[in-house]
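# Overview (structure and organization)
Below, each chain spelled out in residue letters.
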Amino acid sequence: MDDVDLNAGGGGDQRRGSYPSKMRSDPMGTSASATAAEEQPHGTLGRAATAFSSFVTSTLDRRDSSKDGTERTIYVNDPIKNAQYKYVHNSISTAKYNVATFIPKFLLEQFSRYANLFFLFTGITQLVPNISPTSKFGTLIPLSVVLLASAVKEVVEDFKRHRLDAEVNARYVKTLHGSEFVAKRWRDIVVGDIVRIENSGYFPADLILLSSSEPDALCYVETSNLDGETNLKIKQGLPETAGLLTPEAVARLHGVIRSETPNNSLYTFEGMLRLPTRTLPLDPMQLLLRGAQLRNTQWVYAVVVFTGHETKLMRNATAAPIKRTKVERMVNVQIIFLFIILLCMAVLCSVGALARQLGGRFEKQILYLNGTGGDAWVKFPQNILTYIILFNNLIPLSLIVTMEAVKFVLAGLISSDLDMYHDESDTHAVARTSSLVEELGQVDYIFSDKTGTLTMNIMEFKMASIAGTAYAETVPEDKRPTVDDKGNEVGYYDFRRMLENKKTSQHARVIREFTNLLAVCHTVIPEQDDNGDIIYQASSPDEAALVKGAQMLGATFHTRRPKSVTITHDGVQEEYEILNVNEFNSTRKRMSILCRAPNGALKLYIKGADTVILERLGDQGKEFVDRTLAHLEEYATEGLRTLCLAYRDIGEDEYRNWGALYAKAATTISNRQQELDNVAEIIEKDLILLGATAIEDKLQDGVPDTIHTLAEAGIKIWVLTGDRQETAINIGYSCKLLTVESSLIVCNEETHFETKEFLEQKLLAVKGGMGMGAPTRRLGWFDRMIGKKVPRFDKDAEVDLEPLALIIDGRTLDHALEDDIKLTFLELATLCKSVICCRVSPLQKALVVKLVRKNVEGSITLAIGDGANDVGMIQAAHVGVGISGQEGLQAARSADFAIAQFRFLRKLLLIHGAWAYFRMSKLILYSFYKNITLYLIQLWFALDNGFSGQTLFETWSSLSSYNVAWAVAQPIALGIFDQHLSARMLDRYPQMYRLGQRASFYNHKVFFSWILNSFFHSALIYYMWRTVVGPSGGAVLATGRVSDNWAIGEMVFATDLVVIGIKAALVADIWVKFTWFAIVGSVLVFFVAFPIYVVLGPALLISPELLGINPPIFSSPIFWLGLMLIPVAANLRDFTWKYAKRTYRPESYHIIQEVQKYNIPDYRPRMEWFRKAVSKMRVSQRFKRNRGFAFSQTDSGQAGLIRLYDTAQRKPRG
């Protein structure tokens, strides 16, 4: 029955036959009902049987559809039937948490940190009776405070995401209800709704285009939110729905859409629309993606197919992975190491206690314990737990929350930096997560998109060479016309002079022909806005720039009809009949049209790459070749995109014969495009050169300087772009990614084996030039101890080699990323200063980032882009940066940081990143230092108290409050306000960034040096006080009375605070008010608050052991003398080492600190003018050898489209 229906209706069978076989032909038994109209069964039973059969078929079909998961069914204008499928709502959420998931996800993330997990274990152990020597809640309460602070920070950050989501979900769109369109919020849109989108409106979901205000259901779409491309793309609805131009007509539409299931492929779509009479295939031309914007089209009608998180945009926005910084990973390793030390200390003390209990004289002679020692062995594991609790703060409880708090503040400094505020778009930098700020200071590789990130994708017509004379929109001072030694006038003229020459010059006819060619030979469609201004819709921004250039030169293109174009040249309206269009493609590298001029003459106008135009010139057409070539080299030197223009007069007989060949090729079924190219080759000969054009692909402000500075900082930059190779190379030179010294390795191979052979040969040649093998690194002793393998690639390897640049296209990259080639490709790429990957897909971008991340030892990767096609690599990199500034940019929403311009990356990395890494390094080291210094004193005390497990310090005033009150401000001051160099110095000397790349401030060597210093300070504090107190038997009071262990413990504790305060003063590089408060104020606050607590604590039954210890401590002259002498003695070694280090073996930043301190002038030689001259000469030489084509017109497909337009007709209002 289905077959009968599908073959009914003209043309339906042919169109269905091309549709993929996996799609069903009949979703709800509609073919059965259609056939029933022809063969009505007789009688009630027959009709009932038919109805029942249709119902069963429909139900089974729905079940099969839901089970096989290969397609979805949508009923047009039938919300009741669509409701049964329960498609997802259109509300989106990019937040990390919701009410249900917050607690489990937050706790999972927090306890993935070893420190928190350890303190949870310690806190639970303290609750066990007769084990803890301190208060039962001495760990759990501070841990709860730490977790609460982290939770508040997570909630605040996630609330911002929820707020942005709410704004998007609350937007309005017009939706069809009955026979009229009413406003409806985005979140309320459902699958099957028909919506009306008006000009400049964003698409609220994935839609199938039905009709529009343009001819044949055409519309223009800007996808900058998806792929960063600002040039408009053309979409076209089906001819069968193009006539639905009113709400009433759309309301009468009934049919079924059968489409593919939701997926993340932005550029593919398969589906079909079943109307009552025929079945029509749907393809990406009808698909309007959520997040794209309707442009220069008054309105469109479209039906919703995917909503919410099932849209292709949201399918690309996968859940952000949990990223851990290099510093955090090292902290985790060192916490494990500290835990091993703690465990060793606990076992050592437990063994000491066991030995005392088994054979100590104290046990036998004082306590009269003469047992067998069974109790001692039973208590042995219990003692281990006791000592773990006693020493637990060897691992700083406050470290994680202090790190989180400081990172949150540092992220706020990034967001509030006015130097990274973009006034034009009213956009400031945003740190979407504060967890990765220090990673910004250690970046080794940057992976950047090109269009929208490096360039603005705005083309401007800048220069032209016509009849051997150079013209420019703005003539540079050094290019103004002069007379050379031979009496010839050389230099550039402005466009006003060209307009004069068009009337009076001997080459006036050539100038006029040149201008006509620009205005006629293209596939641009003109539109008029409300003000009467002409807007050009082009398949590429280059095309639009050339037509605008013709307008500047006096020829305005304003009307396109299916078979002609009309221009106004110097006030005279001229109509050119378009006979044939030979389209551009990447093989031909040119485009030509055959047209009949207003005077009836047949002309061939052609434009393309100089290499293909010059070789097709006739003998009479080479008059201006030499001068034009000279101008082309100058344009190439400036990084402009060049194009040659030529023409030819065609005879009627020649055209008649050629037209027959063209018609035959156009109707060829197999290999049609190749046949058309062959026919075009026949007539594109004996050309007459008119001149050349130069278009500027405008870079974003400051891009060349930013790339140059980042390269000086030791960062390697890879550009991953969807553009053509020639375009990418040109931009590479413009933005200083490629330099005049660079040798290009261009890899364009067709097969797997060719790619492998090419890469291996180039790698051998490069390594032979270096005289060495692949750059590798020897492992340090700690790496060998933990069993780390020798890495294949070392990011810090220095190679003495001329700068290389690897250029590879997407097709070849597919082969290069296969398992047996990818490491060869990576080895070659890591030896290059820069890499450009052209014509790459979003998946390839992510794979390249992952390849470097996984195989280059210790490397930190950063990906930056501005479209949804960059989301994959942004999430694959250690740090993701999105370019914002336009509403709803998906890359910025998925990134860790968002900036408005690429140039802001310079300050984000070199200053904010370098500061953050330096500050976090000092914060972590100081936090470890201060805790180990205090809690190792408990170990020295254990040696004296017979390993009894007795604590020297009171729990609440000393142990629990140490990291919360007395020693919390110092690391915060260092983490937020300290600077090793000023912003000016870091920007002036980008080489300082390498300190972060090489982990100079925080590595295993530095960590262990701080740990050894902690051992030294703690032993010095304890044993100096022991020396003072021991000989007198503890009689340190003015009255000669003996002090108890609590009073001595508080004396030691107060001394420790002064010692760590002086240490903080020694390591601080800059002092602000908070630094003074943190270092000096913390000690003063202790001496004010502690005596008060000694009075209140025992009274409240909190710390009864402190009762009455104020007089013994504060009235003792020995205490005050020790408080002054012991901290100085402890830090004397540190001061001496710092002096010797800076004097005799200074680091690079020590020298720059002196330059900054004393404002020493920079006497480095300045050779900018000489370098520019040499650079210009070398670029000219390079482009003489290899001058490429750089014109980004879309391959084919435009000739048929322009035949549909008649811009003279009025458009429907809809």
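Residues numbered from 1 in each chain as written. Predicted model: local features only at pLDDT ≥ 70, side-chain atom pairs only at ≥ 80, totals over all residues. Heavy atoms only, no water.

## Quick word on a positive patch on the surface
A surface patch of like charges, here positive, comprises Arg329, Lys850, Arg853 and Lys854. In terms of residue count, the dominant contributor to the positive patch is helix 29 (residues 842–855) (3 residues). Counting through the fold element by element, Arg853 comes out in helix 29. (Patch = residues over 30% accessible without salt bridge, like charges linked within 9 Å, V, L, I, M, F, W, Y side chains within 5 Å. Areas by Shrake-Rupley, 256 points an atom, 1.4 Å probe, with all protein chains shown as cover. Salt bridge = Lys/Arg side-chain N within 4 Å of Asp/Glu carboxyl O. Lys, Arg positive; Asp, Glu negative; His and termini not counted. Charge placed at Lys NZ, Arg CZ, Asp CG, Glu CD. Helix = DSSP H or I, 4+ residues; strand = E, 2+ residues; numbered from the N terminus.)

## Section: the sheet that holds strand 2 (residues 172–177)
Spatially, the 6 strands line up as an open sheet ordered 3-2-4-13-5-11, and their pairing is antiparallel. Taken across any chain shown, the strands that pair with only one partner, and hence form the sheet edges, are strand 3 (180–185) and strand 11 (287–288). Relative to strand 11, strand 5 (residues 206–212) runs antiparallel, the two being bridged by 2 bridges. If you follow Leu207 over to strand 11, its bridge partner there is Leu288. (Pairing = 2+ DSSP bridges.)

## Considering a negative patch on the surface
On the surface, Asp423, Glu424, Asp426 and Asp701 cluster together into a negatively charged patch. Assignment of secondary structure puts Asp426 in the loop between helix 15 (399–415) and strand 14 (430–431).

## Quick notes on the pattern of salt bridges
Pairing between side chains of opposite charge can happen when the charged atoms of each approach one another. Following the criterion strictly, the structure yields 58 salt bridges and no others. Lys153 is the partner of Glu154 in a salt bridge, and the nearest nitrogen-oxygen pair spans 3.6 Å. Assigned by exposure class, Glu154 and Lys153 land together as buried. Between Arg656 and Asp653 there is a salt bridge; the shortest N-O distance is 2.7 Å. Here Asp653 and Arg656 lie together in helix 21 (residues 652–666), a separation of 3 residues that amounts to about one turn. Here the salt bridges do not stand alone but share partners, grouping Arg588, Arg590, Glu615, Arg616, Glu681 and Glu684 into one network. (Buried < 20%, exposed > 50% of the residue type's maximum accessible area, 1.4 Å probe, protein only.)

## Regarding the packing of helix 34 (residues 969–977) against helix 39 (residues 1073–1099)
Packing of helix 34 against helix 39 brings their axes to within 8 Å, and their N-to-C directions diverge by 165°. Classified by the interaxial angle, the pair formed by helix 34 and helix 39 is roughly antiparallel. Along this stretch, helix 34 crosses helix 39, giving a crossing that reads as left-handed. Within the contact between the two elements, helix 34 uses Ala969, Gln970, Ile972, Ala973 and Phe977 and helix 39 uses Phe1074, Thr1075, Ala1078, Ile1079 and Ser1082. Of the residues that constitute the contact of helix 34 with helix 39, the class distribution is 7 nonpolar, 3 polar and no charged. (Axes fitted to C-alpha atoms, helices over the stretch in contact; angles between N-to-C directions. Parallel < 35°, antiparallel > 145°, perpendicular 65-115°, else oblique. Left-handed = near helix turned anticlockwise from the far one by under 90°. Contact = heavy atoms within 4.5 Å. Nonpolar A, V, L, I, M, F, W, Y, C, P; charged D, E, K, R; others polar.)

## Digging into the sheet that holds strand 9 (residues 271–274)
Hydrogen bonding along the main chain pairs the strands of a sheet, whether they run parallel or antiparallel. The 4 strands are arranged 1-8-9-10 in an open sheet whose pairing can be described as antiparallel. In this open sheet, the two edge strands, each paired with only one partner strand, are strand 1 (71–76) and strand 10 (279–282). The sheet shows a mean angle of 20° between the axes of neighbouring strands, direction not considered. With 6 bridges connecting them, strand 1 and strand 8 (residues 255–260) associate as antiparallel partners. Bridged to Arg72 within strand 8 is Ser259.

## With respect to the state of the cysteines
Each disulfide consists of one covalent bond between the sulfur atoms belonging to two cysteines. Summed over the entire model, instances satisfying the criterion amount to 0 disulfides. As a non-bridged cysteine, Cys837 has Cys838 as the owner of its nearest cysteine sulfur, 7.3 Å distant. (Disulfide = S-S within 2.5 Å.)

## Concerning the nonpolar core
One finds Ile446, Leu862, Phe897, Leu905, Leu909 and Phe928 to be the most contacted residues of the largest nonpolar core, which totals 159 residues. Counting residues per element, this core draws most heavily on helix 32 (residues 904–944), which supplies 27 residues. Setting aside anything within four residues of it in sequence, one finds Ile446 in contact with Leu710, Ile715, Lys716, Ile717, Trp718, Leu862, Ile864, Leu905 and Leu909. Grouped together as the second largest cluster of nonpolar side chains are 51 residues, Val168, Leu238, Leu289 and Met314 included. (Core = buried A, V, L, I, M, F, W, Y, C linked by side-chain atoms within 4.5 Å.)

## A word on the confidence of the model for the protein chain
Confidence in the prediction of the protein chain, expressed as mean pLDDT, is 82, and 83% of residues score 70 or more. Across the protein chain, strand 13 (residues 299–306) holds the top mean pLDDT of 96, while helix 1 (residues 2–7) sits lowest at 34. Long-range and interchain partners of residues 1–68, a stretch whose pLDDT sits below 50, account for 77 contacts in this model, where long-range means more than four residues apart. Long-range and interchain partners of residues 772–777, a stretch whose pLDDT sits below 50, account for 18 contacts in this model, where long-range means more than four residues apart. (pLDDT = per-residue confidence, 0-100.)

## Describing a nonpolar patch on the surface
Together, Val1088, Ile1092, Val1095, Leu1096, Leu1100 and Ile1102 give the surface a local cluster of nonpolar side chains, amounting to about 580 Å² of exposed area. Relative to the elements of secondary structure, Ile1102 occurs in the loop between helix 39 and helix 40 (1110–1114).

## Considerations on helix 29
The end-to-end C-alpha distance of helix 29 is 20 Å, a good match for the 20 Å that 14 residues give at a rise of 1.5 Å each. The set of residues buried in helix 29 consists of Gln844, Lys845, Ala846, Val848, Val849, Leu851 and Val852. (Expected span 1.5 Å × (residues − 1).)

## Side note on the packing of aromatic side chains
According to the stated counting rule, one finds 45 aromatic pairs in the structure shown. With centroids separated by 5.2 Å and ring planes inclined at 85°, the aromatic side chains of Trp966 and Phe1086 adopt a geometry described as edge-to-face. Linking Trp966 in helix 33 (residues 955–966) with Phe1086 in helix 39, this pair joins segments that are 120 residues apart in sequence. Exposure class is identical for Trp966 and Phe1086. Each is buried. The side chain of Arg171 reaches across the aromatic face of Trp186, ending 5.0 Å from its centre. Over the ring of Tyr202 we find Arg171, and its NZ or CZ is 5.8 Å from the ring centre. (Phe/Tyr/Trp six-rings, centres within 6.5 Å; stacked < 30°, edge-to-face > 60°. Lys NZ or Arg CZ within 6 Å of the ring centre and 35° of its normal.)

## Notes on the pairing of strand 33 (residues 804–809)
With 6 of 6 residues buried, strand 33 is to be regarded as a mostly interior element. Alternating positions in strand 33 separate into two faces, Leu804, Leu806 and Ile808 on one and Ala805, Ile807 and Asp809 on the other, with burial throughout. Here 5 bridges tie strand 31 (residues 743–747) to strand 33, and the two strands are oriented parallel to one another. Paired with Ser743 across the two strands is Leu804, which belongs to strand 33. Relative to strand 34 (residues 834–838), strand 33 is paired through 5 bridges, and the arrangement is parallel.

## Quick word on unusual backbone geometry
Glycine aside, residues mostly have negative phi, and peptide bonds are mostly found in the trans state. The backbone phi angle of Asp216 is positive, close to 55°, even though this residue is not glycine. Here Asp216 is to be found in the loop between strand 5 and strand 6 (218–222). Backbone geometry at Lys589 places phi at a positive 60°, although glycine is not the residue there. When its relative accessible area of 25% is taken as the criterion, Lys589 is described as partly exposed.

## Describing the side chain of Gln293
Residue placement: Gln293 occurs in strand 12 (residues 293–295). Since its relative accessible area comes to 13%, Gln293 is described here as buried. Here the side chain of Gln293 touches Ser200 through a polar contact of 2.9 Å, landing on its backbone oxygen. (Polar contact = N/O pair within 3.5 Å; in protein donor to acceptor, adjacent residues only side chain to side chain.)

## As for the environment of Val1067
You can see Val1067 is positioned in helix 38 (residues 1045–1067). Residue Val1067 is classed as buried on the basis of its relative accessible area of 14%. Spatially, the C-alpha atoms of Val1067 and Phe1135 are 9.7 Å apart, while their sequence positions differ by 68 residues. Setting aside chain neighbours within four positions, we find Val1067 in contact with Lys922, Leu974, Asp978 and Trp1010.

## Here's the deal with the side chain of His878
Looking at where His878 falls in the secondary structure, it is placed in the loop between helix 30 (871–876) and strand 37 (879–883). On the basis of relative accessibility, which here comes to 6%, the residue His878 falls in the buried class. Side chain to side chain, His878 and Arg853 meet in a polar contact 3.3 Å long. One polar contact links His878 to Thr861, side chain to side chain, over a distance of 2.9 Å. With sequence-adjacent residues up to four places away left out, His878 is seen in contact with Lys323, Arg329, Leu436, Glu439, Arg853, Ser859, Ile860, Thr861 and Asp896.

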